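This is what each chain is made of:
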Amino acid sequence: MPFLLHDHHIIPALACIVLFAIWSNVLYFYSHGGGSHHHIMEMQQKDDSILLPKDLLLEPQKQQKEEQLVVQEDVQAAAVRPSPSSSSAHDDQGRSGSDGIIGGEEDPPTPVVVVHNHANKNISTKHYRSETNVFRQVLKRSQHFQYQCQTSLLPHHLGQVQPKDFDTGVPPLPEYGIQKALLQWLEKEQQQQQEKGQDRDYPTCQLPPSKECNVKQFTIILMSHTVSDDERLSKLHRGIQTLSSWDITGEIILVWNNLHHVLEEEHCPKRQCRDLLSWDQDPHHKLRIFYALEQDGVRLENNLLNRYHPTIQPKHEAVVYFDDDGPFHSRLAMEVGFELWKRNSDVQIGSMARNIRFPSKRMNDLQNLASDLAARLYMDGDWRLGVHPYDEEEMKQWEEHGEKEIEEKGQYQSHGYPEFTPICQKETGDVVEYNYFVFPNFKAHMSLPSGSILHRDFLCFVWHPAFEELREYILKHPTHPDDMTISTLVSHLTGKALRTFPKTVKSGRNAAGRRLLETGLRRNSMVEDERWDKHDHEKEEKSVEENEFRNEKVDINYPRRRLLWQQKDWGNMREEAIGSIVGYFGSINPGSVGWCAGTEYQEKAEGRGNMRYNCFNERPPDVSQIPWMNEGGFGHDEC
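Quantities reported herein were computed from a predicted structural model and do not represent experimental measurements.

Requested: an account of the pattern of salt bridges, with residues and values cited.
Under the counting rule described, the total for this entry stands at 20 salt bridges. With a shortest N-O distance of 3.8 Å, glutamate 265 and arginine 274 are connected by a salt bridge. Residue classification places glutamate 265 among the partly exposed residues on the basis of a relative accessible area of 43%. Measuring nitrogen to oxygen at the nearest pair gives 2.9 Å for the salt bridge that ties arginine 307 to aspartate 482. In this pair, arginine 307 is assigned in the loop between strand S7 (287–291) and strand S8 (318–321) and aspartate 482 in helix H15 (residues 482–494), connecting sequence segments 175 residues apart. Each member of the pair arginine 307 and aspartate 482 is classed as buried. When salt bridges that share partners are traced, they join Arg232, Asp324 and Asp325 into one network.

How would you summarise the pairing of strand S6 (residues 249–256) if you had to cite specific residues and measurements?
Counting buried residues along S6, eight of its eight residues qualify, which places the element largely inside the surrounding structure. Alignment of strand S5 (residues 218–224) against S6, held across seven bridges, turns out to be parallel. Bridging from a neighbouring strand, threonine 219 pairs with glutamate 251 of S6. Handedness of the crossover is the feature at issue here: the chain leaves S5, passes through helix H7 (residues 230–244), returns alongside S6, and the resulting connection is right-handed.

Any chance you could break down the state of the cysteines for me, citing the residues and the numbers?
A complete count under the given rule lists five disulfides for this structure. Disulfide pairing is shown between cysteine 205 and cysteine 460; the S-S distance is 2.0 Å. Disulfide cysteine 205-cysteine 460: torsion about the S-S bond near -75°, hence left-handed. Here cysteine 205 is found in the loop between helix H6 (177–194) and S5, whereas its partner cysteine 460 is found in helix H13 (residues 457–462), with 255 residues between them in sequence. By relative accessible area, cysteine 205 is classed as buried at 1%. A relative accessible area of 3% means that cysteine 460 is categorised as buried.

So what about the environment of histidine 237? Which residues, and what values?
Relative to the helices and strands, histidine 237 is located in helix H7. Judged by its relative accessible area of 3%, histidine 237 falls in the buried class. Measuring from C-alpha to C-alpha, the distance between histidine 237 and aspartate 325 comes to 9.2 Å, with 88 residues separating the pair along the chain. Apart from the residues within four sequence positions on either side, histidine 237 is in contact with Arg271, Gln272, Asp275 and Trp279.

How would you explain unusual backbone geometry if you had to name every residue and give the values?
Looking along the chain, the bond that leaves glycine 326 and enters proline 327 is cis, with omega of 5°. Mapped onto the elements of the fold, proline 327 is located in the loop between S8 and helix H9 (331–343). Positive phi is not limited to glycine here, since lysine 443 has a value of about 60°. The class of lysine 443 is buried, set by a relative accessible area of 1%.

Quick rundown of the pairing of strand S14 (residues 452–455)? Include the residues and the values.
Because side chains alternate across S14, one face comprises the buried residues Ser452 and Leu454, and the other comprises Ile453 and His455, equally buried. Pairing of S8 with S14 involves four bridges; the strand directions are antiparallel. In the strand pairing of S14, valine 320 is matched with isoleucine 453.

Can you tell me about helix H14 (residues 468–476), naming the residues and giving the values?
Where H14 is concerned, the buried positions are Leu470, Arg471, Glu472, Tyr473, Ile474 and Leu475. Looking at the buried positions of H14, the neighbouring elements they touch are H13, H15 and helix H19 (570–585).

Pulling in residues and values, what's your account of the sheet that holds strand S13 (residues 446–447)?
Pairing in this open sheet of three strands is antiparallel, and the strands run S12-S10-S13 from one edge to the other. The open sheet has two edge strands, strand S12 (433–435) and S13, and neither has a second partner. Relative to S12, strand S10 (residues 353–357) runs antiparallel, the two being bridged by three bridges. When the sheet's bridge partners are listed, isoleucine 356 is paired in S12 with tyrosine 434.

Kindly report on the side chain of serine 452, identifying the contributing residues and their values.
Of note, serine 452 is situated in strand S14. Of the residues examined, serine 452 reaches a relative accessible area of 2% and is grouped as buried. Polar side-chain contacts of serine 452 include one of 2.7 Å to the backbone oxygen of proline 449. Once you skip the residues sitting within four places of it in the chain, serine 452 turns out to touch Val319, Val320, Tyr321, Gln348, Ile349, Gly350 and Ser447.

Before we move on, can you summarise the nonpolar core with the specific residues and values?
Formed by 63 residues in total, the largest nonpolar core has its most connected members in Phe135, Tyr308, Phe467 and Leu493. Every residue in contact with phenylalanine 467, bar those within four places of it in the chain, is listed here: Phe135, Ile178, Leu182, Phe461, Leu489 and Leu493. Counting residues in each nonpolar core, the second largest holds 56 residues, with Leu276, Phe328, Val336 and Tyr601 among its members.

Provide a residue-level description of the packing of H7 against helix H8 (residues 271–281), including the pertinent values.
As a packed pair, H7 and H8 sit with axes 10 Å apart at the nearest point and diverge in direction by 40°. Between H7 and H8 the crossing geometry is left-handed. The residues of H8 that touch H7, namely those facing Leu233, Ser234, Leu236, His237, Ile240 and Gln241, are Arg271, Gln272, Cys273, Asp275, Leu276 and Trp279. Looking at side-chain class alone, the contact of H7 with H8 contains six nonpolar, four polar and two charged residues.

If you had to explain the packing of aromatic side chains to someone new, which residues and values would you point to?
One pass over the structure, following the stated rule, counts eleven aromatic pairs. Where tryptophan 383 meets tyrosine 417, the ring centres are 6.5 Å apart and the plane angle is 85°; that geometry is what we call edge-to-face. Note that tryptophan 383 is positioned in the loop between helix H10 (361–380) and helix H11 (392–400) and tyrosine 417 in the loop between H11 and strand S11 (421–422), a separation of 34 residues in sequence. For the residue pair tryptophan 383 and tyrosine 417, the accessibility class agrees, reading buried in each case. The ring of phenylalanine 420 is capped by arginine 141, whose NZ or CZ atom sits 4.4 Å from the centre of that ring. Lysine 342 extends its terminal NZ or CZ atom over the ring of phenylalanine 338, reaching a point 4.7 Å from the ring centre.

Criteria and thresholds
- Residues numbered from 1 in each chain as written.
- Predicted model: local features only at pLDDT ≥ 70, side-chain atom pairs only at ≥ 80, totals over all residues.
- Heavy atoms only, no water.
- Salt bridge = Lys/Arg side-chain N within 4 Å of Asp/Glu carboxyl O.
- Buried < 20%, exposed > 50% of the residue type's maximum accessible area, 1.4 Å probe, protein only.
- Helix = DSSP H or I, 4+ residues; strand = E, 2+ residues; numbered from the N terminus.
- Pairing = 2+ DSSP bridges.
- Right-handed = clockwise from strand over helix to strand, strands pointing away.
- Disulfide = S-S within 2.5 Å.
- Contact = heavy atoms within 4.5 Å.
- Polar contact = N/O pair within 3.5 Å; in protein donor to acceptor, adjacent residues only side chain to side chain.
- Core = buried A, V, L, I, M, F, W, Y, C linked by side-chain atoms within 4.5 Å.
- Axes fitted to C-alpha atoms, helices over the stretch in contact; angles between N-to-C directions.
- Left-handed = near helix turned anticlockwise from the far one by under 90°.
- Nonpolar A, V, L, I, M, F, W, Y, C, P; charged D, E, K, R; others polar.
- Phe/Tyr/Trp six-rings, centres within 6.5 Å; stacked < 30°, edge-to-face > 60°.
- Lys NZ or Arg CZ within 6 Å of the ring centre and 35° of its normal.

From the geometry alone we can't say anything about function, so treat these as descriptive.
Printed below as a string of structure tokens:
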């Protein structure tokens, strides 16, 4: 007999339904970040550009369970399809072809490149480092700042800044475009998890740990493509000789963005070419040549990002980058940077950093608040320095032990960490300026490649299918801004700014008792460092802007690079690129904390534009003044 609902049952039943609906919404509301998530969901109804399916913002228990399924698959390899290249490659016969094809050959079918991911061999049990959680954090940050730009600006902020009348003709990246890219990937992931037996077509990435104290050596990656320029080839040759002599160098990988035969005797009878091939064949030499265009019968395109490709397979967790013509830092300077990386292995470490300036007073004020907070946390030895901003479980433990969040009501999930600065291009006309006049220690937002250090786990993210749109932009833009893209992407992935170290360090006279320097630092290295400081520092300063442009132009020869660096609107082109890249994410990182933070060498940057602090009046420091290199100094005891 069917169940009948009588009149006296209707009111209690409706009351139960209403109470259950209210309880469900309250639980859902607070399990997704409270008011921020509620505003985002409201915004979806008003703006079709925000697509946020509810099932992609899972409850922590469900999210962790689904990620465990991905971990259990233990994906060891995947098919990576490189983005088509718009750069040209020149061999030493003067021939050139588009799309990295030498001699104008037709494009072959898109190859499958097997990628072995180190991260998959030992997936971390730390949930916050998982790929899915990282993507959700980046997604939520972008959505939050878009909502903030659309709803929270004061009237006098609107239309405050007028963009420059300049256009390279390259379509900009879509504003907040990262949201669509990540949502599409997360939806694909969810669909694959629901379809049994369907494997991922790319390795599972994860953030690196925040510390790597036990790493003893690093991998150095260089990239080149031509032997026609004798000066450039000689610098590469000498650089490899010097770098391979360091005990902290575990291996050197030369990413060769040209065909193998270009280095052979028939095409290059020069001694440098013979040595490169000989070193590569010598099992006892640290050099290994990675022929990017001819990997196992399959070639990548001629692409600046090849030096970040996971098929390179760095042996060591720490990966150091230098341009093929330098500048090559001294061993002592790189040991200082290496020790800083060990204590901050989940961010980019750089010595040739750049600052992004904000004409908008609103953006500049927010940036200054973040910069001041970052310096204060470091000087106070705050617990947040040792807890990742995504690690909610660890943060909760600190709060339960009496630590209180210092964030103000309504601040989006900052938990007292330095906040990213939103850029509201559509609403206010916000623009950014590329400051290529100084190498700041504090408030740096990106780093040039030479002397920078990355954890090898980031390589998986750089070539992740979700970021194909970014990689395409690098290829199409005339400045090929791989440096800007890497720094911006890494900072958004990890939720933190880069760290900086001085590119020139003096060995000093008061080295007694320094444990880190006494271990493995040879006498000849000390002499080399002194000579490097005196001779190379001025030369490095004079050529750095030229190097910066030349490094971006791998498809033209050296003499022409010198002319192009001086071409009209070079600065405007770089500003267009960084504006497009940060607009794609919707915000820019808080800026770096300088090497001297919390020490007597930290100074107010009076009369230095929008800078807040500098170190030691920007003079090369003695190693005894680097805090983490000396007992009792800030950061020393972290490793």
